[in-house]
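Chain residues, written in single-letter form:
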Amino acid sequence: MYSEKVMDHFMNPRNVGEIENADGIGEVGNAKCGDIMKIYLKIEDNIIKDVKFKTFGCGSAIATSSMATEMIMGKSVEEALKLTNKAVAEALDGLPAVKMHCSVLAEQAVKSAIIDYAKKNNIHIDGLEDVK
Ligand code: FES
Ligand code: FES
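Residues numbered from 1 in each chain as written. Chains lettered and ligands numbered in written order. Predicted model: local features only at pLDDT ≥ 70, side-chain atom pairs only at ≥ 80, totals over all residues. Heavy atoms only, no water.

**Some remarks on the pairing of strand E2 (residues 36-44)**
So, point 1. Where strand E1 (residues 24-29) lies against E2, six bridges are found, and the strand directions are antiparallel. Within the sheet, the bridge partner assigned to Val-28 lies in E2 and is Met-37.
So, point 2. Here E1 hands over to E2 after six residues, with Gly-34 in that stretch at a positive phi of 85 degrees.
So, point 3. Here E2 runs beside strand E3 (residues 47-56); their pairing, made up of nine bridges, is antiparallel. What sits directly across from Ile-43, in E3, is Ile-48. (Pairing = 2+ DSSP bridges. Helix = DSSP H or I, 4+ residues; strand = E, 2+ residues; numbered from the N terminus.)

**Overview of the pattern of salt bridges**
So, point 1. Going through the model one piece at a time under the given rule, you end up with nine salt bridges.
So, point 2. Across the salt bridge formed by Lys-42 and Asp-23, the nearest N and O atoms sit 3.7 Å from each other. You can see Lys-42 sitting in strand E2 and its partner Asp-23 sitting in the loop between helix H1 (4-11) and E1, a full 19 residues away along the chain.
So, point 3. The partner of Asp-116 in a salt bridge is Lys-120, and the shortest N-O contact between them spans 2.9 Å. With Asp-116 and Lys-120 both in helix H5 (residues 100-121), this residue pair falls four residues apart, about one helical turn.
So, point 4. One salt-bridge network, in which partners are shared between bridges, spans Asp-8, Arg-14 and Glu-70. (Salt bridge = Lys/Arg side-chain N within 4 Å of Asp/Glu carboxyl O.)

**Remarks on the sheet that holds E1**
So, point 1. The strand order across the open sheet built from three strands is E1-E2-E3, with neighbouring strands paired in antiparallel fashion. Whereas interior strands pair on both sides, the edge strands pair on one side only; in this sheet they are E1 and E3. Strand-to-strand twist in this sheet, taken as the mean axis angle between neighbours without regard to direction, amounts to 15 degrees.
So, point 2. Where helix H2 (residues 59-72) meets the sheet, it contacts E2 and E3, and its direction lies at approximately 175 degrees from that of E3. (Axes fitted to C-alpha atoms, helices over the stretch in contact; angles between N-to-C directions. Contact = heavy atoms within 4.5 Å.)

**Description of the environment of Gly-74**
So, point 1. Structurally, Gly-74 can be placed in the loop between H2 and helix H3 (77-81).
So, point 2. Taking the relative accessible area as the measure of exposure, Gly-74 reaches 48% and is therefore partly exposed.
So, point 3. The spatial distance from the C-alpha of Gly-74 to the C-alpha of Glu-44 is 10.0 Å, given a sequence separation of 30 residues.
So, point 4. Non-local contacts of Gly-74, meaning those with residues more than four positions away in its chain, are made with Ile-47 and Ile-48. (Buried < 20%, exposed > 50% of the residue type's maximum accessible area, 1.4 Å probe, protein only.)

Right, here's the structure in full:
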């Protein structure tokens, strides 16, 4: 039912934890199941230098969070904003259909952390207009 990559990222999640003095923090909840995810970004010169997450949720939420942190590490904030839950699921070689909603958490948490960063620094980021 789960791909090897999903199992790997669930068993050995990457970038778990918190960042002190993070430049952006995003916290989102999944309305469908009540699971929550928090993500911390360290941003220097518009580049995501470090990212850590904490997820209180199911295996798929943990695996997608872990994969999402790897996918945005070292990227510009504009690139990170383009991360979609579909891309994360594809990078994990797919998720069972009933578990696709779990991957939305990672996409939303990344966006919410970047919005937090933009607000704190009062800067405009291309692509943020489209974000709820
Ligand atoms: Fe969160 Fe699935 S409801 S574990
Ligand atoms: Fe809640 Fe997966 S069942 S995020």
